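Tertiary structure, described
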Amino acid sequence: MLTLTLMNHTFEIPCEAEDRERLIEAATLLEDKLDQLPDLKGEGKVLMMALNLCYDYLHLKEDTTQYTLRLEDQVDTVMKHVATNNNKENPHS
């Protein structure tokens, strides 16, 4: 069980030992992000932060997808190159 306090609310979070550090890191990141919105209060602050985090998530997801597609293209190119060179070296295979 992990106890976290965010915006004057205490949460008891059931978690595995291996998840504990990541949850603490996530809570620290959230606190830092909330501190970046000093003019907002309460629910509005939380909703704006949730929107910002979701936006960041979608941006990272798109970047990751594009990176994966580029890597797949590079692997395909290398595999075609290897296959071409194999066929030239072993024409009867």
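The notes below deal with the structure included here. Because the structure is a prediction, the values reported are computed rather than measured.

Procedures and definitions
- Residues numbered from 1 in each chain as written.
- Predicted model: local features only at pLDDT ≥ 70, side-chain atom pairs only at ≥ 80, totals over all residues.
- Heavy atoms only, no water.
- Helix = DSSP H or I, 4+ residues; strand = E, 2+ residues; numbered from the N terminus.
- Rg over C-alpha atoms; globule rule 2.2 N^0.38 Å.
- Buried < 20%, exposed > 50% of the residue type's maximum accessible area, 1.4 Å probe, protein only.
- Contact = heavy atoms within 4.5 Å.
- Areas by Shrake-Rupley, 256 points an atom, 1.4 Å probe, with all protein chains shown as cover.
- Lys, Arg positive; Asp, Glu negative; His and termini not counted.
- Charge placed at Lys NZ, Arg CZ, Asp CG, Glu CD.
- Patch = residues over 30% accessible without salt bridge, like charges linked within 9 Å, V, L, I, M, F, W, Y side chains within 5 Å.
- Salt bridge = Lys/Arg side-chain N within 4 Å of Asp/Glu carboxyl O.
- Pairing = 2+ DSSP bridges.

Points about the overall build of the protein
- Of regular secondary structure, the protein possesses two helices and two strands.
- Ordering the α and β elements of the protein from the N terminus gives β-β-α-α.
- At 24 Å, the protein has a C-alpha radius of gyration far larger than the 12 Å of a compact globule built from 93 residues.
- Here the protein holds 93 residues, and the buried ones make up 9% of them.
- By sequence separation, contacts in the protein at least 24 residues apart represent 17% of the contacts at least 6 residues apart.
- Of the roughly 8,100 Å² that the protein leaves accessible, carbon and sulfur atoms contribute 58%.
- A gap of 5 Å separates the mean positions of the 9 positive and 18 negative side-chain charges of the protein.

Describing a nonpolar patch on the surface
- Residues L40, M48 and L51 make up a contiguous nonpolar surface patch of roughly 250 Å² in combined accessible area.
- Tracing the backbone through its elements, the reader meets L51 in helix α2 (residues 42–89).

Here we look at unusual backbone geometry
- If you check the backbone angles, M7 has positive phi at about 50 degrees while not being a glycine.
- Checked against the element boundaries, M7 lands in the loop between β1 (2–6) and β2 (9–13).
- Residue classification places M7 among the partly exposed residues on the basis of a relative accessible area of 33%.
- Here N8, not a glycine, exhibits a phi torsion of approximately 65 degrees, which is positive.
- Mapped onto the fold, N8 is located in the loop between β1 and β2.

Some points on the environment of K45
- Relative to the helices and strands, K45 is located in helix α2.
- Along the backbone, K45 and L34 are 11 residues apart, and their C-alpha atoms lie at a distance of 7.2 Å.
- Apart from the residues within four sequence positions on either side, K45 is in contact with M7, L34, L37 and L40.

Focus: the pairing of β2
- Bridging between β1 and β2 involves five bridges; their strand directions are antiparallel. Residue L6 lies in a different strand from β2, and its bridge partner there is H9.
- What sits between the antiparallel neighbours β1 and β2 is a turn of two residues, in which M7 has the positive phi angle 50 degrees.

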